[in-house]
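Spelled out from the first residue to the last, the chains are:
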Amino acid sequence: MKSQNKYRKFQLQQKNIEALERENSRFKRVYSEYENMTDELWNLENSTDKPVPDDFINAIMLQSSYLEDEIEDWLLKFNSQKTDIKH
């Protein structure tokens, strides 16, 4: 059994992400980059090939966390706009 990618933080908000991707090309690029980086990070950490230097993995983790923060901000704004529209 393959273990689940722990970096897929936003799976529960997939509908909102898809809506944002349709509405905003910048968000789509940021989210795509985040997915690529977290997939690569997951692959590096779970690879049985040659070990990768910790500095390299830490750099990818740091960049991924910046993208994650930006995505969270987009989602918060999106959710607050949906709430404002309903009221």
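I will try to describe carefully the structure that is included in this document.

Conventions and cut-offs
Residues take numbers from 1 onward in each chain, read along the sequence in its written order. Restriction of local features to residues with pLDDT of at least 70 applies here, the model being predicted, together with a cutoff of 80 or more for giving and counting side-chain atom pairs; totals for whole chains, interfaces and linings are based on all residues. Only hydrogens and water are removed before side-chain values are computed, so all heavy atoms of the structure are retained for them. Runs of H or I in DSSP of at least four residues are treated as helices and runs of E of at least two as strands, each being numbered from the N terminus. Any residue under 20% of the maximum accessible area for its type is buried, any over 50% is exposed, and the rest in between are partly exposed; the area is computed with a 1.4 Å probe on protein chains only. Contacts are residue-level and defined by heavy atoms, with any inter-residue pair within 4.5 Å sufficient. For every accessible area listed, the method is Shrake-Rupley and the probe measures 1.4 Å; residues are considered covered only by the protein chains on display. Only the contacting stretch of a helix is used when fitting its axis, a line to C-alpha atoms as for every element, and angles between N-to-C directions run 0 to 180 degrees. Any angle that falls under 35 degrees is termed roughly parallel, while one over 145 is termed roughly antiparallel, one within 65 to 115 roughly perpendicular, and all others oblique. In a left-handed crossing the near helix is turned counterclockwise from the far helix by less than a right angle, and in a right-handed crossing that turn is clockwise. Residue polarity is assigned by list, with Asp, Glu, Lys and Arg as charged and Ala, Val, Leu, Ile, Met, Phe, Trp, Tyr, Cys and Pro as nonpolar; anything else, Gly included, falls into the polar class. Nonpolar core, defined: a set of buried Ala, Val, Leu, Ile, Met, Phe, Trp, Tyr and Cys residues in which side-chain atoms within 4.5 Å join the residues together. Stacked, edge-to-face and tilted labels apply to pairs of Phe, Tyr and Trp rings (six-membered ring for Trp) whose centres lie within 6.5 Å, assigned for plane angles under 30 degrees, over 60, and everything in between, in that order. The arc in question is the one traced by the directions running from the helix axis out to the C-beta atoms. Counted as a polar contact is a pair of N or O atoms within 3.5 Å, where, for protein atoms, one must be capable of donating a hydrogen and the other of accepting one, and residues adjacent in sequence contribute only when both atoms are in side chains.

1. Overview of the overall build of the protein chain
- Helix and strand content of the protein chain: 3 helices and 0 strands.
- Out of the 87 residues belonging to the protein chain, those deemed buried represent 28%.
- The long-range share in the protein chain, meaning contacts at least 24 apart out of those at least 6 apart in sequence, stands at 74%.
- Only carbon and sulfur atoms are counted for the fraction: they give 50% of the accessible area of the protein chain, which is about 6,600 Å².

2. Here's the deal with the packing of helix 1 (residues 14-23) against helix 2 (residues 25-45)
- At their nearest, the axes of helix 1 and helix 2 sit 6 Å apart, and the two run at 130 degrees to each other. As far as their axial angle goes, helix 2 and helix 1 are oblique. Like other packed secondary-structure pairs, helix 1 and helix 2 cross with a definite hand, here left-handed. For the pair helix 1 and helix 2, contact is made by Gln14, Ile17, Leu20, Glu21 and Glu23 and by Ser25, Phe27, Lys28 and Tyr31, respectively.
- Residue classes in the contact of helix 1 with helix 2 are distributed as 4 nonpolar, 2 polar and 3 charged.

3. Regarding the nonpolar core
- The biggest cluster of nonpolar side chains holds 17 residues, and the ones touching the most others in it are Phe10, Ile17, Phe27, Tyr31, Tyr34, Ile71 and Leu75.
- Ranked by the residues each element gives to this core, the list is headed by helix 2, at 7 residues.

4. What to know about the packing of aromatic side chains
- Enumeration over the complete set of coordinates arrives at 5 aromatic pairs.
- Both rings, one in tyrosine 31 and one in tyrosine 34, keep their centres 6.0 Å apart while their planes meet at 40 degrees; by these two values the pair is tilted. Note that tyrosine 31 and tyrosine 34 are positioned in helix 2 at a spacing of 3 residues, about one turn of the helix.

5. Things to note about helix 1
- Taken together, the buried positions of helix 1 are occupied by Asn16, Ile17, Ala19 and Leu20. When helix 1 is viewed along its axis, its buried side chains cluster within an angular range of 160 degrees and face the same direction. Pointing more than 90 degrees away from the buried face of helix 1 are the exposed residues Lys15 and Arg22.

6. Description of the side chain of asparagine 16
- Note that asparagine 16 resides in helix 1.
- Among the polar contacts made by the side chain of asparagine 16, one reaches the side chain of asparagine 79 at a distance of 2.8 Å.
- The residues touching asparagine 16, leaving out its near neighbours within four places in the chain, are Leu75, Phe78, Asn79 and Lys82.

No statement about biological role is implied by the geometric values presented.
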